[in-house]
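Remarks on the overall topology
Here is what each chain is made of, one letter per residue.
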Amino acid sequence: MKADREMETLLRSLRVWDTELPAFDLDAAPETPLPLFVEWFAAAVAAGQTEPHTPSLATTDAEGRPDVRTVMLHGADDRSLHFASHSGSAKGRQLAAHPFAALGFYWPAQGRQIRVRGTVRTAPAGVAHADLHARSTGALASALVGHQSEPLSSQAELVRASEAAWERARSEPNASVPTWTVYELEPYEVEFFQGDARRRHLRLKYTRQDESWATSLLWP
């Protein structure tokens, strides 16, 4: 089919990491993953990586089937990485039933990936309220629209709901959104992947062992 041939031509025309890639000094890797995560994140920002704070989030549904979407990272500390959503959304329902998830960061500007797997819990309601109101008016308006992942009858219905939400967000900047939830993913495994032009990619995996971390290398 013409579409098949066009797609194949497009795929074969693309190049990966058509830039100078940074080195990865394995001997200098810290004992815990967070300092290295922050270092790589800062490097991605400095390299001009578009939206480096938007990883893919993978969950599983009631039948054990995988589901994935892009989210925004809201924070990271020694214990967990934070993202947010409505509790009634597809991911919210899936996490309530199966509180395990994975995050995948890909920063092609430097040929780097970070993969995180862990358990997920919800932060207190006060944390979610503070998180939402530390963001823009648009973020509050979007949250006030609600109904995330529910069927939508028409685009016109969305426009009406959005306009009403923007009006309320401007007039009530401290409006409460009870379904807004901050999720904390506590990693038990973190992998750092550094691409190499000769395909000798370096993969360093951190695995949690009680209160410490063990490291190991993986073949590309």
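Residues numbered from 1 in each chain as written. Predicted model: local features only at pLDDT ≥ 70, side-chain atom pairs only at ≥ 80, totals over all residues. Heavy atoms only, no water.

What follows deals with a nonpolar patch on the surface. A surface patch of nonpolar side chains, amounting to about 410 Å² of accessible area, comprises Met7, Leu10, Leu11 and Leu14. Relative to the helices and strands, Leu11 resides in helix α1 (residues 2-13). (Patch = residues over 30% accessible without salt bridge, like charges linked within 9 Å, V, L, I, M, F, W, Y side chains within 5 Å. Areas by Shrake-Rupley, 256 points an atom, 1.4 Å probe, with all protein chains shown as cover. Salt bridge = Lys/Arg side-chain N within 4 Å of Asp/Glu carboxyl O. Helix = DSSP H or I, 4+ residues; strand = E, 2+ residues; numbered from the N terminus.)

Before going further, it helps to examine the packing of helix α5 (residues 137-145) against helix α6 (residues 155-171). It is at 8 Å that the axes of α5 and α6 come closest, and there the two elements cross at 125°. With respect to each other, α5 and α6 are oriented oblique. Crossing of α5 over α6 shows right-handed handedness. Residues Thr137, Gly138, Leu140, Ala141, Leu144 and Val145 of α5 form the contact with α6, whose participating residues are Ala161, Ser162, Ala165, Trp166, Arg168, Ala169 and Arg170. (Axes fitted to C-alpha atoms, helices over the stretch in contact; angles between N-to-C directions. Parallel < 35°, antiparallel > 145°, perpendicular 65-115°, else oblique. Left-handed = near helix turned anticlockwise from the far one by under 90°. Contact = heavy atoms within 4.5 Å.)

Right, let's get into α5. For α5, the set of buried residues is Ala139, Leu140, Ala141, Ala143, Leu144 and Val145. Looking at the buried side of α5, the elements it contacts are β4 (81-86), α4 (125-133), α6 and β7 (180-194). Phi for Gly146, located one or two positions after α5, is positive at around 65°. (Buried < 20%, exposed > 50% of the residue type's maximum accessible area, 1.4 Å probe, protein only.)

Our next topic: the nonpolar core. Judged by nonpolar contacts, the single largest core of 25 residues is most densely connected at Leu103, Phe105, Ile114 and Phe192. Listing elements by their share of this core, those giving two or more residues are α2 (33-46), β4, β5 (100-107), β6 (112-122), β7 and β8 (202-209). Counting residues in each nonpolar core, the second largest holds 15 residues, with Ala84, Ala123, Ala141 and Trp180 among its members. (Core = buried A, V, L, I, M, F, W, Y, C linked by side-chain atoms within 4.5 Å.)

It is worth spelling out the packing of aromatic side chains at this point. Throughout the structure, instances matching the rule amount to eleven aromatic pairs. A centroid spacing of 6.0 Å and a plane angle of 70° characterise the contact between Phe41 and Trp107, whose relative ring orientation is edge-to-face. Highlighted residues: Phe41 in helix α2 and Trp107 in strand β5, separated in sequence by 66 residues. Classification of Phe41 by relative accessible area gives partly exposed; the value is 23%. Between the aromatic rings of Phe83 and Tyr183, the centroid separation amounts to 5.6 Å while the plane-to-plane angle is 20°, which identifies the pairing as stacked. (Phe/Tyr/Trp six-rings, centres within 6.5 Å; stacked < 30°, edge-to-face > 60°.)

The phi angle at Glu51 is positive, at roughly 45°, despite the residue not being glycine. Taking the relative accessible area as the measure of exposure, Glu51 reaches 52% and is therefore exposed. A positive phi is found at Ser149, a non-glycine position, where the angle reads about 75°. As for its placement among the helices and strands, Ser149 is situated in the loop between α5 and α6. Using a relative accessible area of 45% as the deciding quantity, one classes Ser149 as partly exposed.

Bringing the pairing of β8 into the picture now. Alignment of β7 against β8, held across six bridges, turns out to be antiparallel. Directly across from Phe192, in β8, lies its bridge partner Leu204. Direction of pairing for β8 relative to strand β9 (residues 212-218): antiparallel, over a ladder of seven bridges. Its bridge partner being in β9, Gln209 is matched across the sheet by Ser212. (Pairing = 2+ DSSP bridges.)

It is worth spelling out the layout of surface pockets at this point. Of the voids in this model, the largest pocket is the one considered here, and its volume is about 360 Å³. As for the largest pocket, its lining consists of 17 residues, of which Ala84, His86, Ser142, Gln148 and Trp180 are closest to the centre. Secondary-structure elements contributing two or more residues to the lining of the largest pocket are β4 and α5. Tallying contributions element by element places α5 first for the lining of the largest pocket, with four residues. Of the residues in the lining of the largest pocket, the class split is seven nonpolar, eight polar and two charged. (1 Å grid on protein atoms, 1.4 Å probe; cavity = no way out; pocket = protein on both sides within 12 Å on 5 of 7 lines; lining within 4 Å. Points joined across faces, edges and corners; volume = space filled by probe spheres on them. Nonpolar A, V, L, I, M, F, W, Y, C, P; charged D, E, K, R; others polar.)

Read these as layout, nothing more, since geometry by itself doesn't imply function.
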